Amino acid sequence: MILSSMRDVVFGYGEEPVVHHVSLDVHKGEFLGITGPNGTAKTTVLKLLLGLLKPWSGAVELNKQAFGGGKPVIGYVPQQASSFNAGFPSRVIELVRSGCHSRVGLFGRFGAEEERLVRNSLEQVGMWDLRRRRIGELSGGQKQRVCIARALVQCPDVLILDEPTTGMDMRSRTELYRLMRHQVRHHGVTVVMVTHGLEEAGRYLDRVVTLERLEAGHPQIAPNAAESKPESSLAGDRWEME
Amino acid sequence: MLAYEFMQRAFLAGALIGLVAPVLGVYLMLRRQVLMADTLSHVSLAGVAAGSLLGGNPSIGGFVAAVAAALLIERLRGLYRTYAEVPVAIMMTGGLATAVVLMSFGRTLSQSFSSYLFGSIVAVSTTQLWLIGGAAVLGLIFFIVFRRPLYTLTFDEETAGISGVPVRTLSTAFSVLTGMTVAAAMPVVGVLLVSALLVLPAALALRIAGGFLSAVMTAVGIGLTGIFGGLTVSYVANTPPGGTIALILLLFLLLGMALQKLLLLWKRRVHGGQTSQNPNGKKGMETI
């Protein structure tokens with residue numbers, strides 16, 4: 001089932017378009033990778049999909065029927081997650097708890113269920129032991145993992161990750177891909193991830209969309225004609241989380 | 001000291017503004033909008049001048065100008081997304097220039113301006129006290145009710161928007177509240193020192209507090225102590241209250257930073273001593 005679709009979208013920040021007649025479908029319950037060289041507007045495409053940017057022309061539509069007619073819960077990990085304000089006065093657990101704000105509302109109390117979700121999310125990204133640390137004391141990769149935990153704690157229908165492995169070591173990167181695979185397989189979450197590390201991530205993805213420049217020097221892009229399925233995909237394999 | 005009615009009013013005004021200004025300061029610092037307080041106070045001065053020239057209440061004129069400028073800055077923020085300080089600089093220039101030109105129209109204005117420039121907390125009028133009270137109550141309600149979305153918004157606007165926080169509405173309400181608080185704080189420390197009440201307590205709190213709530217509470221504690229201490233010293237030493245309050249808050253910040261540095265050095269020394277000993281507790285080779 002199609003969850004979200006971009007149809008013939010054109011968008012730019014100045015006078016020239018950086019996204020030129022792009023069409024893209026996101027299917028429910030898939031792990032989609034968006035890749036491409038620097039400057040091919042991968043983040044822009046992601047923001048268009050999220051509705052953060054309005055296209056000059058074309059349409060971006062969300063299929064609400066895919067969520068039973070309601071509004072989907074979207075977990076988002078931005079590209080600059082690891083470079084956020086280092087002086088922000090929060091402990092890891094406090095920041096991850098903020099992911100539950102939409103669940104508990106303005107005055108609701110944090111119950112046992114929310115605390116369980118927070119613990120579970122932090123454990124999934126291997127940050128439970130560092131939950132009392134100030135976020136400014138963490139490394140870039142650790143900050144990234146905290147942001148991923150904050151997205152997971154919302155129990156999202158869709159997870160949007162913009163280069164989430166920035167600053168992570170190889171083991172952490174592999175664990176993240178496995179975690180996302182687990183979210184797709186066991187929780188039915190749709191994951192869309194912008195990545196440069198296709199060699200590593202490719203085997204965990206269901207589908208890859210590569211964005212390319214059409215002409216050198218011209219900021220026009222389009223997804224390559226054939227959306228590819230990774231050659232050695234783990235998508236169909238059965239495996240459990242560590 | 002508290003037997004005098006003017007001192008009672010001064011302490012009441014100080015307590016009210018001391019409850020809300022440092023909280024606002026924490027958010028302004030984290031949103032990288034520290035200069036907004038200075039800018040709004042300068043624009044507020046133009047409102048004071050306009051209010052006087054039009055025969056109205058200068059304090060209310062300042063209040064209206066500060067709130068209007070805050071809304072305009074919020075609007076301009078969308079046009080200069082990558083240069084957050086540009087709208088602030090534009091408004092500061094515009095506000096100060098307008099104030100200077102308006103002042104030239106009324107010769108008597110220059111004299112009353114000094115009370116706005118340097119503050120006159122011991123001469124707070126009933127209207128000013130009501131404005132301060134209104135801003136403080138509204139501010140506290142705002143920060144308590146919207147503490148959760150404000151936290152998310154302050155950490156990252158983009159993620160906040162995606163997770164359902166009404167970013168534009170909340171941001172606009174925050175700007176209006178900033179304008180109100182700055183205008184309300186003007187009689188306490190004056191236009192030139194208004195940011196001291198907002199920024200100095202927050203600057204220290206953000207260095208020493210562990211979590212978000214403790215940063216907010218620490219900032220309020222520092223702010224109130226600085227205001228009450230400043231008023232007391234000012235009364236005893238016969239110094240200008242606005243400047244004295246700002247100096248005491250600055251002293252707190254410097255002392256806090258020095259103590260934090262000493263504590264860090266002491267911890268490193270203790271830690272270094274532990275690592276330079278071998279597991280048997282005897283002095284051994286030092287780790288290079």
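What you see is a predicted model; the values in this text were computed from it and never measured. (Residues numbered from 1 in each chain as written. Chains lettered and ligands numbered in written order. Predicted model: local features only at pLDDT ≥ 70, side-chain atom pairs only at ≥ 80, totals over all residues.)

(A) Layout of the interface of chain A and chain B. Each partner contributes to the interface: chain A provides 19 residues, whereas chain B provides 20 residues. Counting residues per element, the ones that place at least two in the side of chain A that touches chain B are strand 5 (74-77) and helix 3 (101-104) of chain A. Split by residue class, the side of chain A that touches chain B holds nine nonpolar, seven polar and three charged. (Contact = placed C-beta atoms within 7 Å. Helix = DSSP H or I, 4+ residues; strand = E, 2+ residues; numbered from the N terminus. Nonpolar A, V, L, I, M, F, W, Y, C, P; charged D, E, K, R; others polar.)

(B) How the structure looks around the environment of A:Arg133. Residues and elements named next belong to chain A. With respect to the helices, strands and loops of the structure, Arg-133 is situated in the loop between helix 4 (112-124) and helix 5 (140-152). A C-alpha to C-alpha distance of 9.9 Å links Arg-133 and Glu-94, two positions 39 residues apart in sequence. Setting aside residues no more than four positions away along its own chain, Arg-133 makes contact with Arg-91, Val-92 and Leu-138.

(C) Fine view of the confidence of the model for chain A. Residues and elements named next belong to chain A. With 86% of its residues at a pLDDT of 70 or more, chain A shows a mean pLDDT of 81. Looking over chain A, one finds the lowest element-wise mean pLDDT in strand 9 (residues 218-223), namely 50, and the highest in helix 2 (residues 92-97), namely 92. For residues 231-242, every residue scores under 50 in pLDDT, and the model assigns this stretch 11 contacts once sequence neighbours within four places are set aside. (pLDDT = per-residue confidence, 0-100.)

(D) Main features of the UniProt feature "transmembrane region" (unreviewed entry) in chain B. Residue and element names in this part refer to chain B. Under the UniProt annotation, "transmembrane region" (unreviewed entry) lies at residues 6-30, 42-73, 85-105, 117-146, 173-200, 212-237 and 243-266. Annotated as residues 6-30, this span is 100% helix and 0% strand, and its ends, taken at the C-alpha atoms, are 36 Å apart. Helix makes up 100% of residues 85-105 and strand makes up 0%, while its end C-alpha atoms are separated by 31 Å. (UniProt positions renumbered as here; feature names shortened; annotations may be inferred.)

(E) Here's a closer look at helix 1 (residues 5-30) of chain B. All names here are of chain B. In this model, helix 1 (26 residues) spans 38 Å end to end at C-alpha, consistent with the 38 Å of a helix rising 1.5 Å per residue. Roughly 30° is the biggest bend found in helix 1, and it falls at Gly-18, with proline Pro-22 one to four residues downstream. At the exit of helix 1 stands Arg-32, carrying a positive phi of roughly 55°. (Expected span 1.5 Å × (residues − 1). Bend = angle between axes of the 7 residues up to and from the residue.)

(F) Layout of the pairing of strand 7 (residues 190-194) of chain A. All names here are of chain A. Within strand 7, five of the five residues are buried, leaving the element largely enclosed by the surrounding structure. Along strand 7, one buried face is formed by Thr-190, Val-192 and Val-194 and the opposite face, lined by Val-191 and Met-193, is buried too. Strand direction decides the pairing type here: strand 3 (residues 31-35) and strand 7, joined by four bridges, are parallel. Residue pairing across strands places Phe-31 opposite Val-191, the latter belonging to strand 7. Sheet topology places strand 6 (residues 158-162) next to strand 7; five bridges connect them, and they run parallel. Across the sheet, residue Asp-162 finds its bridge partner in strand 7, namely Val-194. Taken together, strand 6, helix 6 (residues 170-187) and strand 7 constitute a β-α-β crossover, and its handedness is right-handed. (Buried ≥ 20, exposed ≤ 12 C-beta atoms within 10 Å, placed from the backbone. Pairing = 2+ DSSP bridges. Right-handed = clockwise from strand over helix to strand, strands pointing away.)

(G) View of the domain arrangement of chain A. Residue and element names in this part refer to chain A. Split into domains, chain A comes out as domain 1 (1-72 + 158-242) and domain 2 (85-156). If you list the elements that add at least two residues to the side of domain 1 that touches domain 2, you get strand 6 and helix 6. No other element matches the three residues that helix 6 contributes to the side of domain 1 that touches domain 2. By residue class, the composition of the side of domain 1 that touches domain 2 is seven nonpolar, three polar and one charged. (Domains from an automatic or database assignment.)

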